[in-house]
Amino acid sequence: MLDLLPFFLLLFLAFRLKGWAPLWALGVWVNLLWFIFQNEWGSGWLSYLRGLGVGLFLAAGYGEAGLAWALLPWPLLLYLRLDVGDLLPYLPALGEGMMLGLLLYLLGLRKR
């Protein structure tokens, strides 16, 4: 869970800068920064996909479809040269992140 803390900080920063740029554009940059952080200093692709899963579910919960599309794992697909077969073993981590996002959504991080 502590490994996802920098992603929450990036997502919080994107929501704070919402008036400066569209949220989907900020989501593209958050996604790219999160990918670079996890590849260089973080735990790797599994943590990257877990963080994206959390953000993807919360973006969908807030009704931000553009942000949800921006948080798909496109940097990883580009890194893998669009070979989806190499991505398939890592997709359960995305599902784990979505389940964590569901828990956070149900615990109260949603609009009322």
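Remember, predicted model here, so these are calculated numbers, not experimental data.

Caption draft 1: A look at helix α1 (residues 5–16). A rise of 1.5 Å per residue sets the reference length of α1, with its 12 residues, at 16 Å; its end C-alpha atoms lie 17 Å apart and thus fit the reference within 8%. Here α1 has its buried residues at Phe 7, Leu 11 and Ala 14. Down the axis of α1, the smallest arc covering the buried residues is 55°, so these residues share one side. The exposed residues of α1 that point more than 90 degrees off its buried face are Leu 9, Phe 12 and Arg 16. If you follow the buried residues of α1, they end up packed against α2 (23–40) and α3 (45–61).

Caption draft 2: Summary view of the nonpolar core. Within the largest apolar cluster, 23 residues are counted, with the highest numbers of intra-cluster contacts made by Phe 7, Tyr 48, Leu 49, Leu 52, Leu 71 and Leu 76. For this core, the elements supplying multiple residues, two or more each, are α1, α2, α3, α4 (65–70) and α7 (91–107). No other element matches α3, which puts 6 residues into this core.

Analysis parameters
- Residues numbered from 1 in each chain as written.
- Predicted model: local features only at pLDDT ≥ 70, side-chain atom pairs only at ≥ 80, totals over all residues.
- Heavy atoms only, no water.
- Helix = DSSP H or I, 4+ residues; strand = E, 2+ residues; numbered from the N terminus.
- Expected span 1.5 Å × (residues − 1).
- Buried < 20%, exposed > 50% of the residue type's maximum accessible area, 1.4 Å probe, protein only.
- Arc of directions from axis to C-beta.
- Contact = heavy atoms within 4.5 Å.
- Core = buried A, V, L, I, M, F, W, Y, C linked by side-chain atoms within 4.5 Å.

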